[in-house]
Amino acid sequence: VSREQKNAAGQKMYIQTKMAEFADELWELMQSPKTHIYMCGLKGMESGMEECFSPLAEKNGMVWKEFAKGMKKAKRYHVEVY
């Protein structure tokens with residue numbers, strides 16, 4: 001994803017925008033113990049993940065922060081932000 005690309009509103013493209021576009025598919029993949037998430041970049045990206053996946057977690061009777069915490073504990077959620 002490049003910020004040179006434009007989102008549907010004609011603004012710069014960010015990874016959060018792409019994640020939202022494929023949120024249902026990504027959520028389904030995250031349910032598999034084989035799935036790992038790697039996130040590197042600006043600290044704001046982490047809140048973008050929460051914004052994207054909190055509604056899906058809630059819809060499935062979960063809390064995103066707890067789900068992500070479980071993935072971290074299972075060594076499936078890898079974050080390097082600055």
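Residues numbered from 1 in each chain as written. Predicted model: local features only at pLDDT ≥ 70, side-chain atom pairs only at ≥ 80, totals over all residues. Heavy atoms only, no water.

A. The side chain of Arg 76, seen in detail. Along the polypeptide, Arg 76 turns up in the loop between helix H4 (64-73) and strand E2 (77-81). Although Arg 76 is buried, it makes no salt bridge; Glu 28 carries the closest opposite charge, 13 Å away. Separated by 2.8 Å, the side chain of Arg 76 and the backbone oxygen of Thr 35 make a polar contact. The contacts of Arg 76, once residues within four sequence positions are left out, are Met 30, Ser 32, Pro 33, Thr 35, His 36, Ile 37 and Met 71. (Helix = DSSP H or I, 4+ residues; strand = E, 2+ residues; numbered from the N terminus. Buried < 20%, exposed > 50% of the residue type's maximum accessible area, 1.4 Å probe, protein only. Lys, Arg positive; Asp, Glu negative; His and termini not counted. Salt bridge = Lys/Arg side-chain N within 4 Å of Asp/Glu carboxyl O. Polar contact = N/O pair within 3.5 Å; in protein donor to acceptor, adjacent residues only side chain to side chain. Contact = heavy atoms within 4.5 Å.)

B. Spatial organisation of the environment of Leu 26. Here Leu 26 is to be found in helix H2 (residues 23-30). Of the residues examined, Leu 26 reaches a relative accessible area of 28% and is grouped as partly exposed. With sequence-adjacent residues up to four places away left out, Leu 26 is seen in contact with Met 19 and Phe 53.

C. View of the pairing of strand E1 (residues 37-41). Residues Ile 37, Met 39 and Gly 41 line the buried face of E1, whereas the alternating positions Tyr 38 and Cys 40 sit on a face that is not buried. Relative to E2, E1 runs parallel, the two being bridged by 5 bridges. Each residue of the ladder has a partner; that of Met 39, found in E2, is Val 79. (Pairing = 2+ DSSP bridges.)

D. Highlighting unusual backbone geometry. Phi is positive for Lys 75, which is not a glycine, with a value near 60°. Counting through the fold element by element, Lys 75 comes out in the loop between H4 and E2.

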